[in-house]
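Descriptive analysis of the structure
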Protein chains: 2
Amino acid sequence: LTLGLFGKISTHKTLRKGLGICIITACLCCLVFRTAPLSSRFFSVKCTSSVQYRINPPPQETSHLSPIPLSDNSVLVISMKHASQYENDSKLSVQYYGEKKDVLGRAVLHLTAVEISLDVDADRDGIVEHNNPDKGSWKWGPDGHGAILLVNCDSERTYLKKPDHEQTSITRVSDLKDMSVMVLRTKGPAKLPEGYKLTMHISQGDAESVRVFRTRSPGVMNNSISYTLFNAFVRDFPLVLSSEVLSQEVPYLGGEAEMNFYVEGLRFPDRDFDGLISINLSLLEPIGEALPETPIFTDKVMLRVAPWIMTPNTLQPLEVFVCSTSDNYTFLNGMRNLVAKSGYKLNICHEYMNRGDRWMQNFPYEELLGPNFGYVTRTAENEEVSSLDSFGNLEVSPPVTVNGKKYPLGRIIIGVAFPTATKGRNMTKVVQEFLFAQKVQEPVALFSDWLLVGHVDEFMTFVPASDRKCYLCLLCACPDAGYKLFRGLQNDGHGQAKMFDDEEQITVDEILNDEILQSHNNYVQSCIDWNRDVLKRELGLDDDDIIDMPILFKLVEEMGSESRAVAYYPDMVNMIVLGKNLGIPKPFGPKVNGRCALEAEMCSLLEGLGLRCTFIDDFASYHKLLGEVHCGSNVRRQPFDFKWWNLEM
Amino acid sequence: LTLGLFGKISTHKTLRKGLGICIITACLCCLVFRTAPLSSRFFSVKCTSSVQYRINPPPQETSHLSPIPLSDNSVLVISMKHASQYENDSKLSVQYYGEKKDVLGRAVLHLTAVEISLDVDADRDGIVEHNNPDKGSWKWGPDGHGAILLVNCDSERTYLKKPDHEQTSITRVSDLKDMSVMVLRTKGPAKLPEGYKLTMHISQGDAESVRVFRTRSPGVMNNSISYTLFNAFVRDFPLVLSSEVLSQEVPYLGGEAEMNFYVEGLRFPDRDFDGLISINLSLLEPIGEALPETPIFTDKVMLRVAPWIMTPNTLQPLEVFVCSTSDNYTFLNGMRNLVAKSGYKLNICHEYMNRGDRWMQNFPYEELLGPNFGYVTRTAENEEVSSLDSFGNLEVSPPVTVNGKKYPLGRIIIGVAFPTATKGRNMTKVVQEFLFAQKVQEPVALFSDWLLVGHVDEFMTFVPASDRKCYLCLLCACPDAGYKLFRGLQNDGHGQAKMFDDEEQITVDEILNDEILQSHNNYVQSCIDWNRDVLKRELGLDDDDIIDMPILFKLVEEMGSESRAVAYYPDMVNMIVLGKNLGIPKPFGPKVNGRCALEAEMCSLLEGLGLRCTFIDDFASYHKLLGEVHCGSNVRRQPFDFKWWNLEM
């Protein structure tokens, strides 16, 4: 309970100096020596019922009526039992005595007590509790505490859309749900003593990341609002704090009152922002003309901006996105069947919208942006943006435990240049720093620059595996496994079996006799093996948790740069994972007794895990353009049940 | 013990794929199924004495000679007992059998083992131990670990001085002492197998903060070097890594060898730099023409840059700095006597050097910069620099404990604008962020903008106090205490006693009758009380730990801005603290029986703590220019015994 006290002094004005410094401690310690008439040797104290006091150092005498010896460090600690109903409704007086206990003077203190508390939901139960002792700090973990805050990057508007935080006013009641409620609770007389006022303030640094609105009239709210009401509405939720206004007076309502504030997050944690925000409320005391008021009490709350979180393949799908183009009818059909069979919603992005871009991993945000669906972009300055910045190169693992360390939200997987590379492409620093700054899915950097397109989803993916201790399997492209398969076919007399349906048909024997292709795949295998080992180490996986997929690559020369790898036939690891249903690029491998040997191998490898394989023909419309099913689709998934703030940091 | 293994395969080349990924784990796990001839059903293993192997999953049979059933996930885990003396001096062979245990083929692996370890002083005992398991991470606290690194901001050169880290070459052996030694230890054959090489690399981000040199010839070193040797010398310590070169090959010496590297810190922790640096060493494997080599083993070390640390008044002084100007003879004399009496070295900065700037808190760095004496500057961009950025506004408390939390290096004290201020001056963001980023002396922000000069040292300082539980006393300027003193004088009949010696003489009565002065001091008192309370809270002090000094202020109007405060008479709290000797601005207070009443009061307040007061006349040469003894002097002190890395974070 925070009591603000105000003294109007009838005799000795310097007594009031005693108030300023002690109000924060919910009591007023008035340094008695400062106020004593000269040659005072003793003092006594009297007060009205609602006032409590204590003397330091404690006097010998027991009765508070008999004069107490006055020393230079005598301190009178005053507090009050409850807030005042009227200004100056309580009283305390100090009487000073000389050597012979002769009365030298009397100081009377007229007291007004006000209760002030700025509150947030520090225990995250959805209720803004009253004056939580932890409200001013933040702690990670199951035994942690501290309020949280969302970045308001969705758009309540459904036309002329832009992220809500880009506008400095609230235009829809529904937008309030994207903000954290903060309550100012006050209790006291109808108005504050003359000249006193309440002010809310934030630091310059925090102002880059947060905005505060307040409600004018805490009336009933309905969840839709017509645009004719727009202006009236904006008036109802005035902007209090922003990067333009770091400090502003807020009304004191009088009596027992609550006022709601709405805190809006403007940016995610980043290299230069740890995510923590402090908001202060101060009670200002008037001093005199041309002099600034001084705060005599400050209450503080702390909030942390929720990090940007990715959803791994093992989470329940909600809807699937694909593009429709002039030439992907076959692919679209395959996807339609798979999604229908799996029982999820298919969301087709038509040509007028995708403008011919079929790569759903880079889905145009105009479509998705909307209520409760936002986005974040980072802009590279003075650094080269490459194909490694596309989102086929940004994946996330299912939850893992590594040498006892838990990652209940998994770990982000990105592809970068080789640590030893002196040249070559890389994911931009600004994006890498953003990902690391989110903290809750600590990224693992793989080496993907050896690929022409350069995406990690070209050689790895994760599938659910209820039988494994970690409930997941890592699927890795593996040229060695491919060659083993082809040698097996040759050995069983299928050397003349043909790959591909088109003019580029080639036999198993021809593939196995191609020395250059073999040397290229040795190189690819060594690149994948390097990444495979990093994944084992950083995700705590055994060889048993990894399945090697029979996929061959070939190296193509780029103008004036090193040779880089592309899939030799449809890259089966670049799949879409919908629960137990896998949408796998149809490989068009050599036929044995009418069945594709590669499909057969995939099924035998994966169906053991209780997974169902559906092969989707993306040959002409995606594979030929250096992408596959995964690059050409996107999935919105059920968020994690696990609460990010429960992470141990 | 890290063993690098290389296999030259006599039969089946894909066996060598097994090596790449497993070398890091100090053993080579070769995925047997990858190398098996087709239709193999069993296998057996043989090897030379220095080779050890293990089979996963473990076979039923006990003898390693009888054929073992081959499954698709059979893994052969190979390690070696010690490094090789010659290339391929060890051997392992796998024999494959068919259904009827008929021999189908044999794979022979010729092995070379190399021991590689990049080492730092991770336990901080001054010795670079061999392959400390903690060398790759960093942990705060007494049970912590991790190597440390200095910012090389001093100057070995004594003419044409500039901080050493501003030049990219080592010009003096003594400079090596400002860097952290890192040792590359290798053990193996005379040379690496054909095409393999060692490379050292850092990330783009770390390269902004660190530079690595190596020694060419680890010969004997002498601590001085003549400039004729300059070029030869630079050749002896070539630059390995920098922001221009992120990755470079380093020599493999052969046999059992050590090579010294020198790691130089370039910047202190800051808003965008947490102080941690990683340096990697990779063994690269050749793949083929036009293909980049791939790392098959990477060793990593981590270092933390030592923070910038301030030294409080309670630390032992080493030398005192003052300026000599045309008009400060009296002051200089006073200081000379004090420092001589205290037994420390006085270092006078003469006019040709101080160019008329007498404010030692802003001492020209040309003088101090030198061996083991460096500096750091921060440059403000797009923000206004004010008087609050001067160093009289940057102080540090002695060690304190606050609600159980220890600050063994004390806490930095800075003065800023009021939290509620909408205008007014402030310490620049770039400086505040730098101070907070050092972490080990978490700053406390006070309100100092109410002062014309705006420095915290105008109203507070710390003195040692062996009797107090916290071994310190906070001295606060206190107008109330001043008025109490003057009222006492008046009461004892000294109302006509005069302050000051010059034409501005004024009596005690006149001061007490000045209503405006009283109202100004009420305001000043409320500003100081606010700060006093913040200091109590943030440093865990009681009222007993604070002594209020009888000092009056007056408000002066600045052109077009608010009135701000300056000391009415020499500001006695702006003192120099040399052990138990205090150099206090001579206040020229009212004389009572020939003795200055203010000096008498100061002595009675401070001598109780075992401190000795010396009053120094700075009236004309400093006080009149709005500064005092502390602003006009500087002290180099003994560093803390406490090691910053032992802090609990």
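Model, not experiment: these values are computed from the prediction. (Residues numbered from 1 in each chain as written. Chains lettered and ligands numbered in written order. Predicted model: local features only at pLDDT ≥ 70, side-chain atom pairs only at ≥ 80, totals over all residues. Heavy atoms only, no water.)

Phi angles above zero are rare outside glycine, and Lys101 of chain A is one such case at about 55°. At Asn88 of chain B, a residue that is not glycine, the phi angle is positive and equals roughly 55°. Structurally, Asn88 of chain B is set in the loop between β6 (75-80) and β7 (90-97). (Helix = DSSP H or I, 4+ residues; strand = E, 2+ residues; numbered from the N terminus.)

We now examine the sheet that holds strand β26 (residues 472-477) of chain A. Residue and element names in this part refer to chain A. If you walk across this open sheet you meet the three strands as β25-β26-β29, and the pairing is mixed. Pairing within the sheet leaves two strands with one partner each, and these edge strands are β25 (460-464) and β29 (546-549). Within the sheet, the average angular offset between the axes of one strand and its neighbour, ignoring direction, is 30°. Pairing of β26 with β29, which is carried by four bridges, proceeds in the parallel orientation. Paired with Cys476 across the bridge in β29 is Asp548. Across the sheet, helix α12 (residues 597-606) is in contact with β26 and β29; its angle to β29 comes to roughly 175°. (Pairing = 2+ DSSP bridges. Axes fitted to C-alpha atoms, helices over the stretch in contact; angles between N-to-C directions. Contact = heavy atoms within 4.5 Å.)

Inspection of the entire model under this criterion finds 60 salt bridges over all chains. Between Arg185 of chain B and Glu258 of chain B there is a salt bridge, with its nearest N and O atoms 2.7 Å apart. Taken together, the residues Arg185 of chain B in strand β10 (residues 180-188) and Glu258 of chain B in strand β15 (residues 255-265) connect sequence positions 73 residues apart. Overlapping salt bridges, with partners in common, bring together Glu208, Arg267 and Asp272 of chain A together with Arg271, Lys429 and Glu433 of chain B in one network. (Salt bridge = Lys/Arg side-chain N within 4 Å of Asp/Glu carboxyl O.)

What follows covers the pairing of strand β11 (residues 197-201) of chain A. All names here are of chain A. The element β11 is extensively covered by neighbouring structure, given that four of its five residues are classed as buried. In the sheet, β11 pairs with strand β16 (residues 276-285) via five bridges, with the strands oriented antiparallel. If you follow His201 over to β16, its bridge partner there is Asn280. Here β11 pairs with strand β14 (residues 247-250) via four bridges, running antiparallel. (Buried < 20%, exposed > 50% of the residue type's maximum accessible area, 1.4 Å probe, protein only.)

On to the sheet that holds strand β11 (residues 197-201) of chain B. Residue and element names in this part refer to chain B. In spatial order, the strands read β9-β17-β16-β11-β14; together these five strands make up an open sheet with mixed pairing. Strands at the two margins of the open sheet, each flanked by one partner only, are β9 (147-149) and β14 (247-250). Within the sheet, the average angular offset between the axes of one strand and its neighbour, ignoring direction, is 35°.

Let us now look at the state of the cysteines. Enumeration over the complete set of coordinates arrives at zero disulfides over all chains. Its sulfur unpaired, Cys631 of chain A is 12 Å from the next cysteine sulfur, which belongs to Cys323 of chain A. Unpaired in terms of disulfides, Cys596 of chain B finds its nearest cysteine sulfur in Cys603 of chain B, a separation of 9.1 Å. (Disulfide = S-S within 2.5 Å.)

Glancing now at the side chain of Ser621 of chain A. Residues and elements named next belong to chain A. Position of Ser621 among the secondary structure elements: in the loop between β36 (612-616) and β37 (633-637). The class of Ser621 is buried, set by a relative accessible area of 5%. Excluding residues within four positions of it along the chain, Ser621 makes contact with Asp327, Asn328, Phe331 and Arg358.

Our focus in this paragraph is the environment of Tyr523 of chain A. Looking at the element boundaries, Tyr523 of chain A is found in helix α11 (residues 515-539). Residues Tyr523 of chain A and Lys554 of chain A, spaced 31 residues apart in sequence, show a C-alpha to C-alpha distance of 9.8 Å.

Residues and elements named next belong to chain B. Structurally, the position occupied by Thr614 is in strand β36 (residues 612-616). Exposure remark for Thr614: the relative accessible area of 15% places this residue in the buried category. Taking the C-alpha atoms as reference points, Thr614 and Lys191, separated by 423 residues in sequence, lie 72 Å from one another.

A few words now on empty space enclosed by the protein. Picture a little ball the size of a water molecule; that probe, rolled over the atoms, points out where space is still empty. All names here are of chain B. Summed over all chains, the structure comprises seven cavities of 30 Å³ or more. As a volume, the largest cavity reaches approximately 110 Å³. Around the largest cavity, the lining residues are Val453, Glu458, Val566, Ala567, Asp571, Asn574, His623, Leu626, Gly627, Glu628 and Cys631. A class-by-class count of the residues in the lining of the largest cavity yields five nonpolar, three polar and three charged. (1 Å grid on protein atoms, 1.4 Å probe; cavity = no way out; pocket = protein on both sides within 12 Å on 5 of 7 lines; lining within 4 Å. Points joined across faces, edges and corners; volume = space filled by probe spheres on them. Nonpolar A, V, L, I, M, F, W, Y, C, P; charged D, E, K, R; others polar.)

All chains considered together, the criterion is met by 32 aromatic pairs over all chains. Arranged with centres 5.6 Å apart and planes meeting at 40°, the rings of Trp450 of chain A and Phe459 of chain A form a pair that is tilted. You'll find Trp450 of chain A and Phe459 of chain A in the same group, each marked buried. When the ring of Trp308 of chain B is compared with that of Phe434 of chain B, the centres are 5.9 Å apart and the planes differ by 65°; the resulting orientation is edge-to-face. Separated by 126 residues along the polypeptide, Trp308 of chain B in the loop between β17 (294-305) and β18 (317-323) and Phe434 of chain B in helix α8 (residues 429-437) bring together distant segments of the chain. Residue Trp308 of chain B is classed as partly exposed on the basis of its relative accessible area of 22%. (Phe/Tyr/Trp six-rings, centres within 6.5 Å; stacked < 30°, edge-to-face > 60°.)

On to α8 of chain B. When α8 of chain B is considered as a whole, its buried residues turn out to be Val430, Val431, Gln432, Phe434, Leu435 and Ala437 of chain B. Just downstream of α8 of chain B, Lys439 of chain B is the residue with a positive phi angle, here 70°.

With that settled, the discussion passes to the side chain of Asp299 of chain B. All names here are of chain B. Residue position: Asp299 is located in strand β17. Using a relative accessible area of 9% as the deciding quantity, one classes Asp299 as buried. Of note is the side chain of Asp299, whose polar atom sits 2.9 Å from the backbone nitrogen of Leu118. Apart from residues lying up to four places away in sequence, Asp299 is in contact with Ile116, Ser117, Leu118, Asn131, Lys135, Ile279, Asn280 and Leu281. (Polar contact = N/O pair within 3.5 Å; in protein donor to acceptor, adjacent residues only side chain to side chain.)

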